[in-house]
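The residues making up each chain are set out below.
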Amino acid sequence: MFKTLLLITIGLLPSLFSLWVIRRTQWRIRSQLRQAAINASRDRIQQNLRSVEGDDAPPAVGDRYYLEGVGFLIGDISCKFNARSGYLRCAINPNGPCQSCRYYESRESASK
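## With respect to the overall build of the protein
Each helix and strand in the protein was counted, giving two helices and two strands. Moving toward the C terminus, one meets the helices and strands of the protein in the order α-β-β-α. By residue count, 15% of the 112 residues in the protein fall in the buried class. Sequence-distant contacts in the protein: of pairs separated by 6 or more residues, those separated by 24 or more amount to 29%.

In structure tokens, the structure reads:
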């Protein structure tokens, strides 16, 4: 009886070892993919912040405003189409610039 169990155990050991190696490799690959996704999203967020903060190019005067409780808004906040966001300037012309925009409409004239 003992010899039979020993034979079965020795016969199953290579396949169990193989399963263990495969699982470990899959876990390592998933971990690397997860880390790559985190790094990519972090890079994308930093790139968006750089474009908003103006590390690549200084923001136009009056292009960035701080609204308490909301945070930084970019673009001309007196425009009807302003997105009221720190990432988009306006719904029609998201990348800007706001100066000499042909879609500009002041809020006062839009409310009349």
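## Some thoughts on the pairing of strand β1 (residues 64–67)
Note that β1 and strand β2 (residues 71–74) share four bridges and pair antiparallel. Among the inter-strand pairings, arginine 64 is bridged to a residue of β2, identified as isoleucine 74. Between the antiparallel neighbours β1 and β2 lie three residues, among them glycine 69 with a positive phi of about 90°.

## Side note on the pattern of salt bridges
On inspection of all chains with the given rule, the structure shows one salt bridge. Taking the shortest distance from any N to any O, the salt bridge between glutamate 105 and lysine 80 comes out at 3.7 Å. In this pair, glutamate 105 sits in the loop between β2 and α2 (107–111) while lysine 80 sits in the loop between β2 and α2, placing the two residues 25 residues apart along the sequence.

## Regarding empty space enclosed by the protein
Enumeration over the complete set of coordinates arrives at two cavities of 30 Å³ or more. Considering only enclosed or pocket space, the largest cavity measures out at about 80 Å³ in volume. For the lining of the largest cavity, a count of residues per class yields six nonpolar, three polar and two charged.

About the criteria used
- Residues numbered from 1 in each chain as written.
- Predicted model: local features only at pLDDT ≥ 70, side-chain atom pairs only at ≥ 80, totals over all residues.
- Heavy atoms only, no water.
- Helix = DSSP H or I, 4+ residues; strand = E, 2+ residues; numbered from the N terminus.
- Buried < 20%, exposed > 50% of the residue type's maximum accessible area, 1.4 Å probe, protein only.
- Contact = heavy atoms within 4.5 Å.
- Pairing = 2+ DSSP bridges.
- Salt bridge = Lys/Arg side-chain N within 4 Å of Asp/Glu carboxyl O.
- 1 Å grid on protein atoms, 1.4 Å probe; cavity = no way out; pocket = protein on both sides within 12 Å on 5 of 7 lines; lining within 4 Å.
- Points joined across faces, edges and corners; volume = space filled by probe spheres on them.
- Nonpolar A, V, L, I, M, F, W, Y, C, P; charged D, E, K, R; others polar.

Everything listed here is a matter of coordinates, which is why it stays silent on function.
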